[in-house]
Amino acid sequence: MTTTPVSPQALAINGGSPVRATFLPYGRQSVDEADIQAVVDVLRSDWLTTGPKVAEFEEAFAARVGAAHAVSFSSGTAALHAAAFAAGLKSGDEAITTPLTFAATANCVLYQGATPVFADIRGDTLTLDPEQVENKISPRTRAILPVDYAGHPVDLMPILEIARRHKLVVIEDACHALGAEYGGRPLGSIADMTVFSFHPVKHITTGEGGMVATNDAKFAETLRRFRNHGISSDARQRQSAGQWHYEMVLLGFNYRLPDIVCALGIQQLKRLDANLARRREIAAHYTAAFREIPAVIPPAVRPEANPAWHLYPIRLDLEKLTVDRAEVFRALRAENIGVNVHYIPVHLHPYYRERFGYKGGEFPVAEDAYGRLISLPMFHGMSDQDVDDAVQAVSKIAEHFRR
Ligand SMILES: *Cc1c(COP(=O)(O)O)cnc(C)c1O
């Protein structure tokens, strides 16, 4: 019997050997011994939740992002819900957001009984296009929810200007962008409310968790009540009326982040700058390598932005390839490179199609990007070898399918 020899450059989907033997995920947390010890210490203490670690985490976080207040939540999604509530979103209102995001950004508008209205994105950074936002303003508009896609800050100045003119609240979904800067200022210090997530693939993690940063004391108070059943926790009021007394003043939820994981957050926050530095190093390495590969379009960076690189999404120049994105994706997975796609545009999900009648074609820039995007592995714990493996796999596959 004869077997056809497989060249070392053969793609793994065609029976060649993969670029690496083990699977490289697209994102991953880093937890060290000090993190573990901090959690254990809380487990041995009196306060598993509603204790001193909550305020300690919030204060350290607010200081890091340059905000007057930071309010923690059990997830980034809960934080978005609370921000939508604090902004006063209610039935009959509209909020403008991007289709190229995780569904939670738009869902939080629906939680409040309001309607998400999508506006198309810019072709370079894939963040909300301020001109498209302006076109979607109606008498019902109450808020704008821009997203710092992949960690690149949205162009906040024109969006804040539109919001001021129309008396709208800006809730910035910065779940990709902890540590990013816009015009030299940290995200969290600029919009009316800025939302962060501590899911394990993000810049720091508490397992699940989220935060809203704001400079507005009134928003901060409402956010604190909303995450605690709507109970006002004014200690002075309690003191004067007796120890048992508390008042529920609005319909809230239990969205609290326990001390157990706030302790983890405090530890993780200390490494944020190191995590950001590593992510920026990896991005620079990728971008330099992909300048040599014509079919690969690396993510754009605008001059006013210092991105946080939650993701590293390349776009394929499909005109230069013989196959589509799906085939390149499959080929990369076969090489053991854990690529992903961020995102299926929100309006194309069955729930949104059925409820709002979207058919595709409404947001051409977002939909075109979706057809080309592939997120490469990007996390602060990646080794140089991991980065090289991802580059080598992309290069091998782009060469193989070159038109
Ligand atoms: C991660 C993320 C969220 C929040 O997700 P949680 O898992 O609830 O913390 C919201 N929006 C975007 C864009 C995200 O990436």
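Residues numbered from 1 in each chain as written. Predicted model: local features only at pLDDT ≥ 70, side-chain atom pairs only at ≥ 80, totals over all residues. Heavy atoms only, no water.

1. Some words on the overall build of the chain
Inclusion rule: Counting from the N terminus, the helices are the DSSP runs of H or I reaching at least four residues and the strands are the DSSP runs of E reaching at least two. Each radius of gyration is computed over the set of C-alpha atoms, and the globule rule expresses the reference value as 2.2 Å times the number of residues to the power 0.38. Any residue under 20% of the maximum accessible area for its type is buried, any over 50% is exposed, and the rest in between are partly exposed; the area is computed with a 1.4 Å probe on protein chains only. In this description, contact between two residues means that some pair of their heavy atoms is separated by no more than 4.5 Å.
Within the chain, the regular secondary structure consists of 14 helices and 15 strands. The C-alpha radius of gyration of the chain comes to 23 Å, within 12% of the 22 Å expected for a compact globule of 403 residues. Taken along its principal axes, the extent of the C-alpha atoms in the chain is 90 × 55 × 40 Å. The buried share among the 403 residues of the chain stands at 55%. For the chain, long-range pairs separated by at least 24 residues make up 74% of all intrachain contacts whose partners lie at least 6 apart in sequence.

2. Examining the domain arrangement of the chain
Let me state the cut-off plainly: Domain ranges listed in this record stem from an automatic or a database domain assignment. By buried area we mean the combined loss of accessible area, with a 1.4 Å probe, across both parts when two parts are placed together. Salt bridge criterion: a side-chain nitrogen from Lys or Arg within 4 Å of a carboxyl oxygen from Asp or Glu. The residue classification treats Ala, Val, Leu, Ile, Met, Phe, Trp, Tyr, Cys and Pro as nonpolar and Asp, Glu, Lys and Arg as charged. All others, Gly included, are polar.
Domain annotation for the chain reports domain 1 (12-29 + 272-400) and domain 2 (33-269). Relative placement of domain 1 and domain 2: their C-alpha centres are 27 Å apart. Counting residues at the interface gives 41 residues for domain 1 and 44 residues for domain 2. When the area that domain 1 buries against domain 2 is broken down by residue, the three leading residues are L272, H310 and Y343, summing to 21%. Our enumeration of links across domain 1 and domain 2 arrives at three salt bridges. Put simply, the parts of the chain that give the side of domain 1 that touches domain 2 at least two residues each are helix 10 (272-290), strand 13 (305-306), strand 14 (312-316), helix 12 (350-356) and helix 13 (364-370). Looking at the side of domain 1 that touches domain 2 element by element, the count peaks at six residues for helix 10. Split by residue class, the side of domain 1 that touches domain 2 holds 25 nonpolar, eight polar and eight charged.

3. Some points on the site of the ligand
The following threshold applies: What makes a residue near a molecule or strand is one non-hydrogen atom of that residue sitting within 4 Å of it. Cavity: a set of points on a 1 Å grid over the protein atoms alone where a 1.4 Å probe fits but cannot get out. Pocket: an open set with protein on both sides within 12 Å along at least five of seven lines, its lining residues, like those of a cavity, having an atom within 4 Å of a point. Each molecule is assigned to a cavity or pocket provided more than half of its atoms lie within 2 Å of the corresponding grid points.
Residues in contact with the ligand amount to 14 residues; listed here are only the nearest, G76, T77, D173, S197 and K202. At a threshold of 2 Å from the grid points, most atoms of the ligand map onto the largest pocket. The element that contributes the greatest number of residues to the shell around the ligand is helix 3 (residues 76-86), accounting for three residues. For the shell around the ligand, the residue count by class is four nonpolar, eight polar and two charged.

4. Structural notes on the side chain of N336
Along the chain, the position of N336 falls in the loop between helix 11 (325-334) and helix 12. Residue class for N336 comes out buried when judged on its relative accessible area of 17%. Setting aside anything within four residues of it in sequence, one finds N336 in contact with P18, R20, A21, T22, F23 and L24.

5. Regarding the nonpolar core
Rule in force here: Definition used in this section: a nonpolar core is a set of buried Ala, Val, Leu, Ile, Met, Phe, Trp, Tyr and Cys residues joined via side-chain atoms within 4.5 Å.
Formed by 43 residues in total, the largest nonpolar core has its most connected members in F57, F61, I144, L178, F196 and F198. Only helix 2 (52-65), helix 6 (156-166), strand 9 (210-214), helix 9 (259-270) and helix 10 provide two or more residues apiece to this core. V19, V296, L332 and V391 belong to the second-largest nonpolar core, a separate cluster that totals 34 residues.

6. Digging into the sheet that holds strand 12 (residues 296-297)
Which entries qualify depends on this criterion: In this description, strands pair whenever DSSP reports at least two bridges between them.
Read from one edge of the open sheet, three strands run 12-14-15, paired in antiparallel fashion. With partners counted over all chains shown, the strands left at the sheet margins are strand 12 and strand 15 (373-376), one partner each. Pairing of strand 14 with strand 15, which is carried by four bridges, proceeds in the antiparallel orientation. Among the inter-strand pairings, Y312 is bridged to a residue of strand 15, identified as L376.

7. Concerning the pattern of salt bridges
Across all of its chains, the model carries 27 salt bridges by this definition. Of the charged contacts, one joins R20 and D386 as a salt bridge, the two residues approaching to 2.8 Å between their closest N and O atoms. Here R20 is found in the segment before helix 1 (33-43), whereas its partner D386 is found in helix 14 (residues 384-400), with 366 residues between them in sequence. A single burial state applies to R20 and to D386, both of which are buried. A salt bridge links R302 to D155, with the nearest nitrogen and oxygen atoms 4.0 Å apart. Taken together, the residues R302 in the loop between strand 12 and strand 13 and D155 in the loop between strand 4 (141-145) and helix 6 connect sequence positions 147 residues apart. Among the charged side chains, a salt-bridge network with shared partners connects R122, D124, D155, R302 and E304.

8. A look at the pairing of strand 1 (residues 69-73)
Most of strand 1 sits inside the fold, with four of its five residues counted as buried. Here five bridges tie strand 1 to strand 9, and the two strands are oriented antiparallel to one another. Paired with A70 across the bridge in strand 9 is A213.

9. What to know about the packing of helix 3 against helix 4 (residues 104-111)
To keep it simple, the criterion reads: Each axis is a line fitted through C-alpha atoms, taken for helices only over the stretch in contact, and angles between the N-to-C directions span 0 to 180 degrees. Geometric relationships in this document are graded by angle, where less than 35 degrees denotes roughly parallel, more than 145 denotes roughly antiparallel, 65 to 115 denotes roughly perpendicular, and other angles denote oblique. Left-handed is the label given to a crossing in which the near helix is rotated counterclockwise from the far helix by less than a right angle, and right-handed is the label when the rotation is clockwise.
As a packed pair, helix 3 and helix 4 sit with axes 9 Å apart at the nearest point and diverge in direction by 45 degrees. If you check the angle between helix 3 and helix 4, you find them oblique. Helix 3 and helix 4 meet at a crossing whose hand is right-handed. Between helix 3, through T77, L80, H81 and A84, and helix 4, the contact on the second element is made entirely by A104, T105, C108 and Y111.

10. Focus: the packing of helix 10 against helix 14
Running from N to C, helix 10 and helix 14 point in directions that differ by 30 degrees, and their axes come no closer than 11 Å. If you check the angle between helix 10 and helix 14, you find them roughly parallel. Every pair of crossing elements has a handedness; the one defined by helix 10 and helix 14 is right-handed. Side by side, helix 10 and helix 14 meet where R278, I282, H285, Y286, A289 and F290 of the first sit next to D384, V387, D388, A390, V391 and V394 of the second. Residue classes in the contact of helix 10 with helix 14 are distributed as eight nonpolar, one polar and three charged.

11. Concerning the pairing of strand 2 (residues 94-97)
What counts here: Handedness rule for crossovers: strands pointing away from the viewer, path from the first strand over the helix to the second running clockwise, crossover right-handed.
Where burial is concerned, the two faces of strand 2 agree: the one with E94 and I96 and the one with A95 and T97 are both buried. Sheet analysis places strand 2 next to strand 3 (residues 115-118), joined by four bridges and oriented parallel. Looking at the pairing, A95 lines up with P116 of strand 3. You can see the chain leave strand 2, run along helix 4 and come back into strand 3, and the turn it takes is right-handed.

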